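Listed here are the chains, written in short residue letters.
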Amino acid sequence: MELNFAGELNIMIEKGIMPNFSDLSRRYKIDRKTIRKYYVSGGIPKRKHMKS
């Protein structure tokens, strides 16, 4: 499900469409403030791997 969210968000960012954060929040069960943060920053950040 995370992959679908990332793809949908990237399409909206590329087309310059302002998403309905509350609707995306309900569909993907992610906090709307987190979705807004990802939208404003230009996408979902890559995870950093910790060295052990």
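Residues numbered from 1 in each chain as written. Predicted model: local features only at pLDDT ≥ 70, side-chain atom pairs only at ≥ 80, totals over all residues. Heavy atoms only, no water.

J.: Outline helix α3 (residues 32-41), listing residues and values.
T.: Residues I35, Y38 and Y39 constitute the buried set of α3. Seen along its axis, α3 keeps its buried residues to an arc of 100°; they face one direction. Relative to its buried face, α3 has exposed residues pointing more than 90 degrees away, namely K33, K37, V40 and S41. Looking one or two residues beyond α3, the residue adopting positive phi is G42, at roughly 95°. (Buried < 20%, exposed > 50% of the residue type's maximum accessible area, 1.4 Å probe, protein only. Helix = DSSP H or I, 4+ residues; strand = E, 2+ residues; numbered from the N terminus. Arc of directions from axis to C-beta.)

J.: How would you explain the packing of helix α2 (residues 21-28) against α3 if you had to name every residue and give the values?
T.: Relative orientation of the contacting elements α2 and α3 amounts to 115°, with a least axis distance of 8 Å. Two packed elements cross with a definite hand, and for α2 against α3 that hand is right-handed. Of the residues in α3, those touching α2 at F21, S22, L24 and S25 are R32, I35, R36 and Y39. (Axes fitted to C-alpha atoms, helices over the stretch in contact; angles between N-to-C directions. Left-handed = near helix turned anticlockwise from the far one by under 90°. Contact = heavy atoms within 4.5 Å.)

J.: Could you give me a rundown of unusual backbone geometry, with the residues and numbers involved?
T.: One non-glycine residue, K29, adopts positive backbone phi at about 55°. For K29, the location among the structural elements is in the loop between α2 and α3.

J.: Hey, could you go over the packing of aromatic side chains for me, with residue numbers and the actual values?
T.: Centre distance and the angle of the planes are the two values used to describe a pair of aromatic rings. As enumerated under the stated definition, the model contains three aromatic pairs in all. Aromatic pair F21 and Y39: ring centres 5.9 Å apart, planes at 70°, arrangement edge-to-face. Placement of F21 in helix α2 and of Y39 in helix α3 is noted, with a sequence separation of 18 residues between them. Both residues of the pair, F21 and Y39, count as buried. One aromatic cluster in this structure is built from F5, Y28 and Y38. (Phe/Tyr/Trp six-rings, centres within 6.5 Å; stacked < 30°, edge-to-face > 60°.)

J.: If you had to explain the side chain of S25 to someone new, which residues and values would you point to?
T.: Its location among the elements puts S25 in helix α2. Its relative accessible area of 18% is what places S25 among the buried residues.

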